[in-house]
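Summary of the model geometry
Now for the letters of each chain:
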Amino acid sequence: MAMKLLKLTFSILLLPLLFSCGGGGGGGDDEPGDGNSNRTVSLSWVAPTTRTDGSFMPLSSLMGYRVYVGTSEDDLQALLDVENASATGYTTEVLDPGAYLFAVSAYDVYGLESGLSNIVTKNVD
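Below, the structure is looked at part by part. Worth saying up front: this structure is predicted, and the values here are computed from it rather than measured.

This part takes up the overall build of the protein. Secondary structure assignment for the protein yields 0 helices and 7 strands. Counting from the amino terminus, the protein carries its helices and strands in the arrangement β-β-β-β-β-β-β. Taking the intrachain contacts of the protein between residues at least 6 apart in sequence as the baseline, contacts between residues at least 24 apart amount to 63%.

Written out as structure tokens, the structure reads:
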């Protein structure tokens, strides 16, 4: 029997650090890194406060987040677990040029994982 996954509502906003990559993303006070900063991707999100059924979800029920990356929507793989319910972002360096897709899920104290957030794309030169 398949386990029903807990669905959590939250949003994610990609805040890329840009040099020659052009367009996209929002502001932020991220400082550019060394010479490879055009290959650095910063993700930020807002912690869920409600479940998809509209019921309140206290932060104490949240355990952490999983960051997914891939080169197509059908190929998103878990990159890492952010085991901190109060975390609101993660920064990673992409080594190879190309278009990368990112999404985030949340998981609760019972290990139930939400569906993926909206998928955002970052083109890396």
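Having seen the model, we can carry on.
With that settled, consider the sheet that holds strand S4 (residues 77-82). Backbone hydrogen bonds hold the strands of a sheet together, and the pairing may be parallel or antiparallel. Strand order in the open sheet formed by 4 strands is S4-S3-S6-S7, and the pairing between neighbours is antiparallel. Since the sheet does not close on itself, it has two edges, and those belong to S4 and strand S7 (120-124), each with one partner. On average, adjacent strands in this sheet sit at an angle of 30° to one another, irrespective of strand direction. Pairing geometry for strand S3 (residues 62-70) and S4, over 5 bridges, is antiparallel. Within S4, the position partnered with Tyr 68 by the bridge is Ala 78.

Relative to the helices and strands, Glu 93 resides in strand S5 (residues 89-93). Through-space distance from the C-alpha of Glu 93 to that of Arg 39 is 5.6 Å; in sequence the pair is 54 residues apart.

Reading the values: the criteria
Residues numbered from 1 in each chain as written. Predicted model: local features only at pLDDT ≥ 70, side-chain atom pairs only at ≥ 80, totals over all residues. Heavy atoms only, no water. Helix = DSSP H or I, 4+ residues; strand = E, 2+ residues; numbered from the N terminus. Contact = heavy atoms within 4.5 Å. Pairing = 2+ DSSP bridges. Axes fitted to C-alpha atoms, helices over the stretch in contact; angles between N-to-C directions.

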